[in-house]
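Fold and geometry: a report
Here is how the chains run, residue by residue.
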Amino acid sequence: PVPRPSPPSSPVLSKVHTSAPDTKAAIDRSIPEFPAATPIDEDNYFRLHKSPPYLSQISSDVADFLNFHNKRHRKVALVTSGGTTVPLENNTVRFIDNFSAGTRGASSAEYFLENGYAVIFLHREFSLLPYSRHYSHTGNSFLDYLKLSDDGSKVEIDDKYQKEMFQVYKKYNKATKNNLLLMVPFTTVHQYLFTLKLVAQEMSVMGYDALFYLAAAVSDFFLPSSRIPQHKIQSKEIGSKLVVDLEPVPKFLRRLVDSWAPIAMIVSFKLETDNTILISKARGALKRYNHQLVIGNLLQTRKKKVVFVTPAGERWIELTPDQIKDNVDIESIIVPEIIKLHSQWISSRQRMGL
Ligand code: PMT
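Residues numbered from 1 in each chain as written. Predicted model: local features only at pLDDT ≥ 70, side-chain atom pairs only at ≥ 80, totals over all residues. Heavy atoms only, no water.

In this section: the overall build of the protein chain. Broken down by element type, the protein chain carries ten helices and 14 strands. The C-alpha atoms of the protein chain give 22 Å as radius of gyration, which agrees with the globular expectation for 354 residues (20 Å, within 12%). The dimensions of the protein chain, computed from C-alpha atoms along their principal axes, are 65 × 65 × 45 Å. Taking all 354 residues of the protein chain together, 45% fall into the buried category. Within the protein chain, counting contacts between residues at least 6 apart in sequence, those at least 24 apart form 74% of the total. Counting only carbon and sulfur atoms, one obtains 54% of the accessible surface of the protein chain, whose full area is about 18,900 Å². Charge-centre separation for the protein chain: the mean point of 44 positive side chains lies 3 Å from the mean point of 36 negative side chains. (Helix = DSSP H or I, 4+ residues; strand = E, 2+ residues; numbered from the N terminus. Rg over C-alpha atoms; globule rule 2.2 N^0.38 Å. Buried < 20%, exposed > 50% of the residue type's maximum accessible area, 1.4 Å probe, protein only. Contact = heavy atoms within 4.5 Å. Areas by Shrake-Rupley, 256 points an atom, 1.4 Å probe, with all protein chains shown as cover. Lys, Arg positive; Asp, Glu negative; His and termini not counted. Charge placed at Lys NZ, Arg CZ, Asp CG, Glu CD.)

Sheet architecture is open: eight strands sit in the order β7-β4-β1-β8-β11-β12-β13-β14, paired in mixed fashion. In the strand order of this sheet, the two ends are held by β7 (181-186) and β14 (313-318), each with one partner. Each strand axis lies, on average, 15 degrees off the axis of its neighbour in the sheet, ignoring direction. Where strand β1 (residues 76-81) and strand β4 (residues 118-124) come together, six bridges link them in parallel fashion. Bridge pairing in β4 places Val76 opposite Ala118. Contacting β1, β4 and β7, helix α2 (residues 55-71) crosses the sheet at an angle of about 155 degrees to β7. (Pairing = 2+ DSSP bridges. Axes fitted to C-alpha atoms, helices over the stretch in contact; angles between N-to-C directions.)

Next up on the list: the site of the ligand. Near the ligand lie 24 residues; those nearest to it are Ser100, Gly102, Arg104, Lys270 and Asn297. Within the contact set of the ligand, an oxygen atom lies 3.2 Å away from a backbone nitrogen or oxygen of Phe269. Within the side chain of Arg302, one N or O atom sits 3.1 Å away from an oxygen atom of the ligand. Across the complex, the protein chains shield 96% of the 780 Å² of accessible surface that the ligand would expose by itself. At the level of elements, α3 (103-114) and β11 (265-272) are the ones that each hand at least two residues to the shell around the ligand. It is β11 that provides the largest number of residues to the shell around the ligand, a total of four residues. A breakdown of the residues in the shell around the ligand according to their chemical character gives 13 nonpolar, six polar and five charged. (Near = heavy atom within 4 Å. Polar contact = N/O pair within 3.5 Å; in protein donor to acceptor, adjacent residues only side chain to side chain. Nonpolar A, V, L, I, M, F, W, Y, C, P; charged D, E, K, R; others polar.)

Further remarks concern helix α7 (residues 253-260). When α7 is considered as a whole, its buried residues turn out to be Leu253, Leu256, Val257 and Trp260. For α7, the angular spread of buried residues about the axis comes to 135 degrees, placing them on one side. The secondary structure elements touched by the buried residues of α7 are α1 (42-48), α5 (189-202), β8 (210-214), β11 and α8 (278-289). (Arc of directions from axis to C-beta.)

Taken as a whole and assessed by the stated rule, the structure comprises 14 aromatic pairs. For the pair Tyr45 and Phe194, a centre-to-centre distance of 6.3 Å together with 50 degrees between the ring planes defines the contact as tilted. Of this pair, Tyr45 sits in helix α1 while Phe194 sits in helix α5, placing them 149 residues apart in sequence. Judged by its relative accessible area of 1%, Tyr45 is buried. (Phe/Tyr/Trp six-rings, centres within 6.5 Å; stacked < 30°, edge-to-face > 60°.)

What follows concerns the nonpolar core. Phe112, Ile120, Phe212, Tyr213 and Ile338 are the most contacted members of the largest nonpolar core, which totals 93 residues. At eight residues, α5 tops the list of elements feeding residues into this core. Sequence-distant contacts of Ile120, defined by excluding residues within four places in its chain, comprise Val62, Phe65, Leu66, Val76, Ala77, Leu78, Val79, Leu182, Val184, Val199 and Met203. (Core = buried A, V, L, I, M, F, W, Y, C linked by side-chain atoms within 4.5 Å.)

Relative to the helices and strands, Arg133 is located in the loop between β4 and β5 (146-148). A relative accessible area of 11% means that Arg133 is categorised as buried. A distance of 2.9 Å separates polar atoms of two side chains, one belonging to Arg133 and the other to Glu110. A distance of 2.9 Å separates the side chain of Arg133 from the side chain of Asp329, its partner in a polar contact. In this structure, Arg133 is in contact with Ala106, Ser107, Glu110, Tyr111, Leu128 and Asp329, ignoring residues within four places of it in sequence.

Looking at the secondary structure, you find Ser10 in the segment before α1. Residues Ser10 and Pro53, spaced 43 residues apart in sequence, show a C-alpha to C-alpha distance of 23 Å.

Attention shifts here to α5. In this model, α5 (14 residues) spans 20 Å end to end at C-alpha, consistent with the 20 Å of a helix rising 1.5 Å per residue. Taken across its 14 residues, α5 has ten buried, putting it largely inside the fold. Residues of α5 that are buried: Val189, Gln191, Tyr192, Leu193, Phe194, Thr195, Leu196, Leu198, Val199 and Ala200. (Expected span 1.5 Å × (residues − 1).)

Spatial relationships are all this shows, so hold off on functional conclusions.
Okay, here's the thing in C-alpha cells:
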C-alpha cells in the first residue's frame, strides 16, 4: 500500500476545533437556573455560562490580525456564516441544527476580499469556506476534478476545470499569502455568542473601519448548561417521549450595537419563510437594535433576491434571468453595495467629528 502522507497544514484553517464537546464541563448544578430572556437579561447569558476554553488562543490570533491590518489602514469585515447547533447532551450525540450551509457567508467573504477588505470569517466548523466552497459540498467528490496524467503515473487537474480552478486558486493564494483571511470556527450557539462578543470587542481598535456582516443562522432557542444532561439521553429512563424544554436565546444584537461595537457599521440578515412579513420584521429589527442595515431574505428565494432595509427605505436586489443562467452569485452585487454604504457611513461620522 502507498503510505499516506499527513495532510498539508492549511494557512487559513484554524488550529482550534469546536466540534468536539467540552466533556469536562459536564452538568454543573451549582450554576443557577437560567432565567427566561427579557430585554434587560442579555448579560445573564454571559454571566451564567462558562466561556469556551480555547477563547484565549482565538483572542491572540484576532488581536494580531487586527493590528496587522490597522497598521496598513485596511478595513476589516467580520463575516459570520453557517448555522449554530444546540446540544441536547454534554457528551453530544444529539443536537438541534438548522439548514444553513454557509453559502452566503463564504461567498460574501470572497467579495469582501476582492474589494480590498481583510476578513475574519466566523464560521460553523466544516461548513462552506471561501474559495474551497467551489469544490466542496457539491454533488461531486473533489476527486472528480482530477484525472490521471497522460502516462498514467500522476494525478492532475482535469483540463475541463483548469481555467476556473486557476482563477479561484489565484484569489485564494493572494488572500492567504497576504494574511487577509482569518478563520475562526464555532459549532454551538454558545461558542458562537462568546466568540462574537470577544471578536467584536477586539474589533474596536479598528474604529469606523470595522464592518459586521452577520449572515450566520443563529439558533433562537437553546438548552441552558444548568439543564444539559452529561450523558446520552437513555430512552429507557425518559419513557416513550423526549420532551425538550428550550429557553429563548437572548437577542444579542442589541448588546453588539450598544456596547460591544458601538462605532462599527453593523449589517444583519433577517430570514423569514413568509413573504408577507419579511419587510415588517426586517424594519422591526432595524428599529429594535438601531443599527445601519438589515438585509431581508426568504428561505425559498435567498440565492436570487434580497431586500435592503435602512431607515431611509427599502430596496430589492434581484438577479436577472441571465445572471441566474450564468451562475452569478448574488453576493457579488450585495457586497459592493455594502462597501459603498460603509464608505458613506465613515464619511458621515467624520463630518460629524465623531
Ligand atoms: O447559509 P445559506 O444557506 O447561504 O443561508 C444564508 C442565510 C439565509 C442563513 C442568511 O442569509 C441569513 O438570513 N442569516 C440570518 C439568519 C437568522 O438568524 O435570521 P433570524 O431572523 O433568526 O435573526 C435575525 C438576526 O438576529 C440575525 O442577524 C441574528 O444574528 C440575530 N439574532 C438571532 C438570534 C438571536 N438569539 N439573537 C440575535 O441577535
